[in-house]
Amino acid sequence: MEKKKLVFSGVQPTGNLHLGNYLGALKNFASLQKEMKCIYCVVDLHAITVFQKPEELRKNVFETVASFLATGLDSDKSIIFNQSSVSGHAELAWILNCVSRVGWLNRMTQFKDKAGSDKEKASVGLYIYPNLMAADILLYKATHVPVGADQKQHLELSRDIAQKFNNDFDCKDFFPIPEPLIPKNVSRVMSLRDGLKKMSKSEDSDYSRINLKDSADEINKKIKKAKTDSEQIPDNMQTLQKKPEALNLINIYSEISKTNIESVLREMSGKEYSFLKTKLTEIIISEITPVGKEIQKLLKDKAHLEKILKKGKEKANIIAEENLKNVREKVGLI
Ligand code: TRP
């Protein structure tokens, strides 16, 4: 029997989404919405695993919703809401905390990276964060999860948890085993200052990233300053691969212009990087500035964003409660 497909993904309300978030996630969300039922969640409960100033958290949730809408998500087609507004996430997370194993969490590389050298001081929430992520997905019995490559390990954990729950409670096929949807050609969007680091909101220099709200002028300046290479643009992948900053710019150009890297190299080999930079600036400006303007416009109408969240919460809650009812029964909770 063909199972109904359902997409779930979550984005942390970090504020200031950038080109990496756009090419790696948001753009893909909008196109998936054309093919399948989709649930997109602003994961505020994940965000508080590291301290957030309450005012900023609230602001960032609205900003993330505005970015969802500005990049083409449609609140009539897809369910758009914030995680904490559906209490089932926290409830299922607790139950899954009791299914998931300490040994499994100890293997999570993101915890090791985020907790840094003093793990004793990390919040317990940060440690069990992957169990909450599994709860997000399984609460809706989602079958497909678009995520960046950095979330692959967490998704594998969600699969293990689903499997163990189905085994422990003798209910084969109760939770579908979720499939990752990892965008193939967007090998990650990297920092404009260091081609080996992911583009990130936490890098100090704003010159390392293109924010969705950047003006044309800012984009122009940032691309001009972006690190490249003293030689000319090469004609083959092998050489390009050894030059991470140049590869990153060509990658971004290839992705936005929907031209494969080989064709870009054919067009540009032997030219100076300034040639690429001019074209790249143009194409980023035409793709990103309308999104930025739309975000700004949406942010002025809080009441509208609140309405969108409320509508999403109501729709999400119906599915969540129905599934949770069955989970409680399987586990033996009265
Ligand atoms: N952990 C994800 C990230 O940091 C966000 C996330 C939370 C998520 N819950 C999810 C992604 C469920 C996919 C499905 O990017």
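Just so it is clear, the model here is predicted, and its values are computed rather than measured. (Residues numbered from 1 in each chain as written. Predicted model: local features only at pLDDT ≥ 70, side-chain atom pairs only at ≥ 80, totals over all residues. Heavy atoms only, no water.)

## As for the packing of helix 4 (residues 88–97) against helix 7 (residues 124–139)
Put simply, the rule is: Convention adopted: a line fitted to C-alpha atoms gives each axis, helices being fitted over their contacting stretch, and angles between N-to-C directions are expressed from 0 to 180 degrees. Numbering goes from the N terminus for both helices and strands, where a helix is a DSSP run of H or I of at least four residues and a strand is a run of E of at least two. When describing relative orientation, an angle under 35 degrees is termed roughly parallel and one over 145 degrees roughly antiparallel, while 65 to 115 degrees is termed roughly perpendicular and anything else oblique. Two helices cross in a left-handed way if the nearer one is turned anticlockwise from the farther one by less than a right angle. They cross in a right-handed way if the turn is clockwise. Only heavy atoms matter for contacts: two residues are in contact if any of them lie within 4.5 Å across the pair.
Look at helix 4 against helix 7: their axes get within 8 Å of each other, and the N-to-C directions meet at 120 degrees. Compared by their axis directions, helix 4 and helix 7 come out oblique. The interaxial crossing formed by helix 4 with helix 7 has right-handed handedness. Between helix 4 and helix 7, the contacting residues are Gly 88, His 89, Leu 92, Ala 93, Leu 96 and Asn 97 on the first element and Ile 128, Asn 131, Leu 132, Ala 134, Ala 135, Asp 136, Leu 138 and Leu 139 on the second.

## Structural notes on empty space enclosed by the protein
Put simply, the rule is: Cavity: a set of points on a 1 Å grid over the protein atoms alone where a 1.4 Å probe fits but cannot get out. Pocket: an open set with protein on both sides within 12 Å along at least five of seven lines, its lining residues, like those of a cavity, having an atom within 4 Å of a point. Grid points are joined across faces, edges and corners, and a volume is the space filled by probe spheres set on the points. Each residue gets one label: Ala, Val, Leu, Ile, Met, Phe, Trp, Tyr, Cys and Pro are nonpolar, Asp, Glu, Lys and Arg are charged, and the others, such as Gly, are polar.
Applying the stated criterion across every chain, the model contains two cavities of 30 Å³ or more. Taken as a whole, the largest cavity holds about 50 Å³ of empty space. Those elements that place two or more of their residues in the lining of the largest cavity are helix 6 (109–115) and helix 7. Taken together, the residues of the lining of the largest cavity break down into four nonpolar, two polar and one charged.

## Here we look at the layout of surface pockets
By volume, the largest pocket is sized at about 1400 Å³. Within the residue set of the lining of the largest pocket, elements represented by two or more residues are strand 1 (6–11), helix 1 (19–32), helix 2 (44–47), helix 3 (54–70), helix 6, helix 7 and strand 4 (144–146). Counting residues per element, the lining of the largest pocket draws most heavily on helix 1, which supplies seven residues.

## Regarding the side chain of His 18
Condition: Each residue is assigned to one of three classes by its accessible area relative to the maximum for its type, calculated with a 1.4 Å probe on protein chains only: buried under 20%, partly exposed between the two thresholds, exposed over 50%. Pairing of N or O atoms within 3.5 Å defines a polar contact, subject to two protein rules: one partner must be a possible hydrogen donor and the other a possible acceptor, and residues neighboring in sequence count only if both atoms are side-chain atoms.
Positionally, His 18 belongs in the loop between strand 1 and helix 1. Residue His 18 is classed as buried on the basis of its relative accessible area, which comes to 5%. Only 3.0 Å separates the side chain of His 18 from the backbone nitrogen of Gly 20, close enough to count as a polar contact. Of the polar contacts made by the side chain of His 18, one reaches the backbone oxygen of Met 199; its length is 3.5 Å. With near-sequence residues (within four places) excluded, His 18 lies in contact with Met 199, Ser 200, Lys 201, Arg 209, Ile 210, Asn 211 and Leu 212.

## Looking at the domain arrangement of the chain
Threshold: As used throughout, domain bounds are those supplied by an automatic or database domain assignment. Throughout, buried area stands for the accessible area (probe radius 1.4 Å) lost by two parts on being put together, summed over both. Each reported salt bridge corresponds to a side-chain nitrogen of Lys or Arg within 4 Å of a carboxyl oxygen of Asp or Glu.
As far as domains go, the chain holds domain 1 (6–187 + 302–331) and domain 2 (206–296). Centre-to-centre, using C-alpha coordinates, domain 1 lies 31 Å away from domain 2. Counting residues at the interface gives 16 residues for domain 1 and 16 residues for domain 2. Counting the surface lost from both domain 1 and domain 2, the interface buries some 1400 Å², and carbon and sulfur atoms represent 62% of this. Per-residue buried area on domain 1 facing domain 2 is highest for Leu 19, Tyr 22 and Ala 70; these three make up 36% of the total on that side. Here domain 1 and domain 2 share two salt bridges between them. Residue Glu 63 is joined to Lys 213 by a salt bridge in which the shortest nitrogen-to-oxygen separation is 3.1 Å. Linking domain 1 with domain 2 are five residue pairs in polar contact (both at pLDDT 80 or more). Residue assignment for the side of domain 1 that touches domain 2 shows that the elements contributing at least two residues are helix 1 and helix 3. It is helix 1 that provides the largest number of residues to the side of domain 1 that touches domain 2, a total of five residues. Looking at the side of domain 1 that touches domain 2 residue by residue, the classes come out as eight nonpolar, six polar and two charged.

## Section: the site of the ligand
For the record, the criterion: Note on definitions. A residue lies near a molecule or strand when any single heavy atom of the residue is within 4 Å of it. Residue burial considers only the protein chains on display, and all accessible areas are found by Shrake-Rupley using a 1.4 Å probe. A cavity or pocket is said to hold a molecule if more than half of that molecule's atoms lie within 2 Å of its grid points.
Not every one of the 13 residues close to the ligand is listed here, only the nearest: Gly 10, Tyr 129, Met 133, Asp 136 and Gln 151. Within the side chain of Asp 136, a nitrogen or oxygen atom sits 2.7 Å from a nitrogen atom of the ligand. Gln 151 is positioned such that a nitrogen or oxygen atom in its side chain is 3.0 Å from a nitrogen atom of the ligand. Burial of the ligand by the protein chains amounts to 89% of its free accessible area of 370 Å². Here the ligand occupies the largest pocket.

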